[in-house]
Amino acid sequence: MGFFSKLKEGLTKTRDNIVSGIDSVFSGFSSIDDDFYDELEETLIMGDIGVVATEEILDDLKNKVKENKIKNPADCKQLLIDSIKEKMNLGENAYEFENRQSIVMLIGVNGVGKTTSVGKLAGLLKAQNKKVIMDTFRAAAIEQLTEWSNRTGADIIAQSEGSDPAAVIYDSIAACKARKADVLLCDTAGRLQNKKNLMEELRKIDRVIEREYSDAYRENLIVLDATTGQNALSQLREFNDVTNITGIILTKMDGTAKGGIAVAIQAEFGIPVKYIGVGEKVEDLQKFDSDTFVNALFDVDNGSDED
């Protein structure tokens, strides 16, 4: 099964949650009026699209309806799909770290699939013939990353629980230089209970990187669990307060009814979803593409499924 088919299958619950409601709105109204838009707004918000994204999508839809002189609600569906695609497409999503000597921090609370995402990302990069090093100081992650190291061929730098994160990154940078690695993937702690401690921890790491590897390209990816819906927005908001988030990995898109959160995230924060995960295998983490996602959500034929 190709990735699009997996994504489409994984979004079944989300599709049932959102698209069936949208279809009923289109078929339940004979004219495009305020009641029609109000019903559509409620359906989108209930589908975890979010208030901000919904308002922007509907404003765009209203403009398209006026420009195209649309009178029949049923004719709005493709316009709505186009509006959602445009809202999710933030331009050219940069994957510059793939082409540079880079340090990629994976940030997020425990349990969202952060360590698994490190391993999968290592696998994707190794498939591009990149030399990859993964590091962690979390005891719970060492065994898991060791397994991913065996599966992908990426190196691993592991430290004992309680090690100073700044000391760990120092050792990892030294290993990167010695082994001429292309990318260092860092599995960070998942604590957010004390933002002051987390902020200080990240600052210490930043200082070490700036001192020891100032030429490295930086990428800070937050890992969010799609099944948590609006709670994922809260996590992003909290972490974005303490560090510069440059991209999002959205995990567990298979089987969630809350996949609409992908739209809400990009609309509210302007931070691109760069990867989505729909399973346990390396190839089940893929670069995000707004057209592919929205086509899968609305069960629109994506053409070839060779990806």
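On a predicted model such as this, the values are computed, not experimentally measured, just so you know.

Caption draft 1: Just the nonpolar core, in detail. Counting 97 residues, the largest nonpolar core has Leu40, Ile103, Leu185, Leu250, Ile265 and Phe293 as its most contacted members. With six residues, helix H11 (residues 261-269) is the largest single contributor of residues to this core. Not counting chain neighbours up to four residues away, the residues in contact with Leu250 comprise Leu224, Ala226, Ile261, Ala262, Ile265, Val273, Tyr275, Ile276 and Gly277.

Caption draft 2: Representation of the sheet that holds strand S5 (residues 217-225). Read across the sheet, eight strands follow the order S3-S2-S4-S1-S5-S6-S7-S8 without closing on themselves; strand pairing throughout is mixed. This sheet does not close on itself; its edge strands, each paired only once, are strand S3 (155-158) and strand S8 (285-287). Put simply, the sheet's adjacent strands are angled 20° from each other on average, direction ignored. In the sheet, S5 pairs with strand S6 (residues 247-251) via five bridges, with the strands oriented parallel. Paired with Ile222 across the two strands is Ile248, which belongs to S6. The sheet contacts of helix H6 (residues 114-126) involve strand S1 (102-107), strand S2 (132-136), strand S4 (183-187), S5, S6, strand S7 (273-277) and S8, and relative to S4 the element is tilted by about 170°. In the packing of helix H8 (residues 165-179) onto the sheet, the strands contacted are S1, S2, S3 and S4, and the crossing angle to S2 comes to about 165°.

Caption draft 3: Just the pattern of salt bridges, in detail. Scanning the model with the defined rule gives 16 salt bridges in all. For Asp60, the salt bridge goes to Lys64, with nearest N and O atoms at 2.5 Å. Note that Asp60 and Lys64 are positioned in helix H4 (residues 51-67) at a spacing of four residues, about one turn of the helix. Each member of the salt-bridge network shares a partner with another, and the members are Asp60, Lys64 and Glu86.

Caption draft 4: Structural view of a negative patch on the surface. A cluster of acidic side chains, namely Asp34, Asp35, Asp38, Glu39 and Glu42, defines a negative patch on the protein surface. If you trace the backbone, Asp38 turns up in helix H3 (residues 34-46). Asp38 gets classed as partly exposed once you look at its relative accessible area, which sits at 44%.

Caption draft 5: Looking closely at helix H2 (residues 12-28). For H2, with 17 residues, the first-to-last C-alpha span of 23 Å sits near the 24 Å given by 1.5 Å per residue. Most pronounced at Ile18, the bend in H2 amounts to some 25°. Among all positions in H2, only Thr14, Arg15, Ile18, Val19, Gly21, Ile22, Val25 and Phe26 are buried.

Caption draft 6: How the structure looks around unusual backbone geometry. You will see that Lys69, though not glycine, has its phi angle at about 55°, which is positive. In this fold, Lys69 is placed in the loop between H4 and helix H5 (77-88). Residue Lys69 is classed as exposed on the basis of its relative accessible area of 67%. The backbone phi angle of Asn129 is positive, close to 65°, even though this residue is not glycine. With respect to the element layout, Asn129 can be found in the loop between H6 and S2.

Caption draft 7: Highlighting the side chain of Glu219. Positionally, Glu219 belongs in strand S5. A polar contact is formed between the side chain of Glu219 and the side chain of Lys274, at a distance of 2.9 Å. For Glu219, the contacting residues outside a window of four places in its chain are Phe97, Ile103, Val104, Met105, Thr246, Gly247 and Lys274.

Caption draft 8: Fine view of the pairing of S7. The buried fraction of S7 is high, at five of five residues. Of the pairings in the sheet, the one linking S6 to S7 comprises three bridges and is parallel in character. Counted as the bridge partner of Leu250 is Ile276 from S7. Crossover handedness for the path S6 to H11 to S7: right-handed.

Reading the values: the criteria
Residues numbered from 1 in each chain as written. Predicted model: local features only at pLDDT ≥ 70, side-chain atom pairs only at ≥ 80, totals over all residues. Heavy atoms only, no water. Core = buried A, V, L, I, M, F, W, Y, C linked by side-chain atoms within 4.5 Å. Buried < 20%, exposed > 50% of the residue type's maximum accessible area, 1.4 Å probe, protein only. Helix = DSSP H or I, 4+ residues; strand = E, 2+ residues; numbered from the N terminus. Contact = heavy atoms within 4.5 Å. Pairing = 2+ DSSP bridges. Axes fitted to C-alpha atoms, helices over the stretch in contact; angles between N-to-C directions. Salt bridge = Lys/Arg side-chain N within 4 Å of Asp/Glu carboxyl O. Patch = residues over 30% accessible without salt bridge, like charges linked within 9 Å, V, L, I, M, F, W, Y side chains within 5 Å. Areas by Shrake-Rupley, 256 points an atom, 1.4 Å probe, with all protein chains shown as cover. Lys, Arg positive; Asp, Glu negative; His and termini not counted. Charge placed at Lys NZ, Arg CZ, Asp CG, Glu CD. Expected span 1.5 Å × (residues − 1). Bend = angle between axes of the 7 residues up to and from the residue. Polar contact = N/O pair within 3.5 Å; in protein donor to acceptor, adjacent residues only side chain to side chain. Right-handed = clockwise from strand over helix to strand, strands pointing away.

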